[in-house]
Amino acid sequence: MLLNISRVVSTFLLVLVAEQSVSKMKIYQIDSNHTYPSFEADHMGGLSFWRGKINSTSGEIRLDKKASVGSVDVIMDMATIDFGHDKMNDHAKNEDMFDVQNFPTAIFKGRLVDFVDQTPTKVEGQLTLHGVTKPLTLQIVKFKCMFHPFKMREACGADARGVIMRDEFGIGYAKMMGFDMKVELRISVEAILSGNVE
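Since the model is a prediction, treat every value here as computed from it, not as a measurement.

**Examining the overall build of the protein**
Here's step 1: What the protein contains, in helices and strands, is two helices and eleven strands.
Here's step 2: In the protein, the succession of helices and strands from N to C terminus is α-β-β-β-β-β-β-α-β-β-β-β-β.
Here's step 3: Residues counted as buried form 38% of the 198 residues belonging to the protein.
Here's step 4: In the protein, 57% of the contacts between residues at least 6 apart in sequence involve partners at least 24 apart.
Here's step 5: Split by element, the accessible area of the protein, about 11,400 Å² in all, is 56% carbon and sulfur.

This is the structure we're talking about:
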């Protein structure tokens, strides 16, 4: 037991020393088990809301805190869209809405910007959804990097928010019935350090 504690402490100290060394771009692989892009969309012009999430994601985050630069590259498997309702899931995947057979993934690529105390507060990028690419800015409400005691390496996590108009991506289902096209995005992400860019 004492040996295990000593190992954790030693690894933690090594991470701290590395943090104080020369600035380097670090690469973090997205942890799909703890990353869930979620959303809220109107139902019947304000009658209620549908809320859902994407259950499978992959990608990486690159971050150099000292230089205040970084990037985000996320791929979302649209076949894993989940409203918590089987019939709605099936409908969302068909050609009326996301058409996952022809557009199986959504991709977000962006730059981490507006750093405060070596912490990004915004992501400026582009979202490709349903075969359409549009600019998307995400506000980072929370961002934290720490030594992960189970992964035995550094991990970073964030909570980001944004808004899209789904008809701008060619998903105009029920627009003529008065459904609001605005979709609120709530994105929770964790990523594990995998290495440095040489």
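**A short note on the nonpolar core**
Here's step 1: Of all hydrophobic cores here, the largest spans 42 residues; its most connected members are M78, F98 and L129.
Here's step 2: Tallying contributions element by element places strand β11 (residues 182-196) first for this core, with six residues.
Here's step 3: Not counting chain neighbours up to four residues away, the residues in contact with F98 comprise M78, I81, A92, K93, F103, L129, H130 and I171.

**Thoughts on unusual backbone geometry**
Leave glycine aside and you will find that most residues have negative phi; peptide bonds, for their part, are mostly trans.
Here's step 1: With a phi close to 65°, M44 is a non-glycine residue in the positive phi region.
Here's step 2: The class for M44 is partly exposed, based on a relative accessible area of 42%.
Here's step 3: Here the phi dihedral of A174 falls at roughly 65°; this positive angle occurs in a residue that is not glycine.
Here's step 4: Among the secondary structure elements, A174 is positioned in the loop between β10 (153-165) and β11.

**Brief notes about the pairing of strand β5 (residues 69-77)**
Here's step 1: Burial along β5 is one-sided: the face carrying G70, V72, V74 and M76 is buried and the face carrying V69, S71, D73, I75 and D77 is not.
Here's step 2: Judged from the eight bridges that link them, strand β4 (residues 57-64) and β5 form a sheet pairing that is antiparallel. What sits directly across from S58, in β5, is I75.
Here's step 3: Counting the residues in the hairpin turn of β4 and β5 gives four residues, including S68, whose phi is positive at 55°.

**Focus on the state of the cysteines**
Here's step 1: Under the counting rule described, the total for this entry stands at one disulfide.
Here's step 2: The disulfide partner of C145 is C156, and the S-S distance across this bridge is 1.9 Å. Judged by the sign of its S-S torsion, about 105°, the cystine formed by C145 and C156 is right-handed. Placement of the pair is C145 in strand β9 (residues 132-148) and C156 in strand β10, with a sequence separation of eleven residues.
Here's step 3: Residue classification places C156 among the buried positions, given a relative accessible area of 6%.

**Remarks on the layout of surface pockets**
Here's step 1: Space inside the largest pocket adds up to approximately 760 Å³.
Here's step 2: S38, F39, I164, V183 and L185 are the residues nearest the centre of the largest pocket, which is lined by 45 residues in total.
Here's step 3: Ranked by the residues each element gives to the lining of the largest pocket, the list is headed by strand β2 (residues 36-43), at six residues.
Here's step 4: Across the lining of the largest pocket, the residue classes break down as 38 nonpolar, five polar and two charged.

**Concerning the side chain of D42**
Here's step 1: Structurally, D42 can be placed in strand β2.
Here's step 2: Salt bridges are absent for the buried D42, whose nearest opposite-charge side chain, R166, sits at 6.5 Å.
Here's step 3: A distance of 2.5 Å separates the side chain of D42 from the backbone nitrogen of G46, its partner in a polar contact.
Here's step 4: Every residue in contact with D42, bar those within four places of it in the chain, is listed here: L47, S48, F49, G178, F179, D180 and K182.

**Thoughts on a nonpolar patch on the surface**
Here's step 1: On the surface, a cluster of nonpolar side chains totalling about 350 Å² of accessible area is made up of M44, L47 and M177.
Here's step 2: Within the secondary structure layout, M44 lies in the loop between β2 and β3 (48-54).

The rules behind the values
Residues numbered from 1 in each chain as written. Predicted model: local features only at pLDDT ≥ 70, side-chain atom pairs only at ≥ 80, totals over all residues. Heavy atoms only, no water. Helix = DSSP H or I, 4+ residues; strand = E, 2+ residues; numbered from the N terminus. Buried < 20%, exposed > 50% of the residue type's maximum accessible area, 1.4 Å probe, protein only. Contact = heavy atoms within 4.5 Å. Areas by Shrake-Rupley, 256 points an atom, 1.4 Å probe, with all protein chains shown as cover. Core = buried A, V, L, I, M, F, W, Y, C linked by side-chain atoms within 4.5 Å. Pairing = 2+ DSSP bridges. Disulfide = S-S within 2.5 Å. 1 Å grid on protein atoms, 1.4 Å probe; cavity = no way out; pocket = protein on both sides within 12 Å on 5 of 7 lines; lining within 4 Å. Points joined across faces, edges and corners; volume = space filled by probe spheres on them. Nonpolar A, V, L, I, M, F, W, Y, C, P; charged D, E, K, R; others polar. Lys, Arg positive; Asp, Glu negative; His and termini not counted. Salt bridge = Lys/Arg side-chain N within 4 Å of Asp/Glu carboxyl O. Polar contact = N/O pair within 3.5 Å; in protein donor to acceptor, adjacent residues only side chain to side chain. Patch = residues over 30% accessible without salt bridge, like charges linked within 9 Å, V, L, I, M, F, W, Y side chains within 5 Å.

Interpretation note: all reported values are geometric properties and have no functional meaning in isolation.
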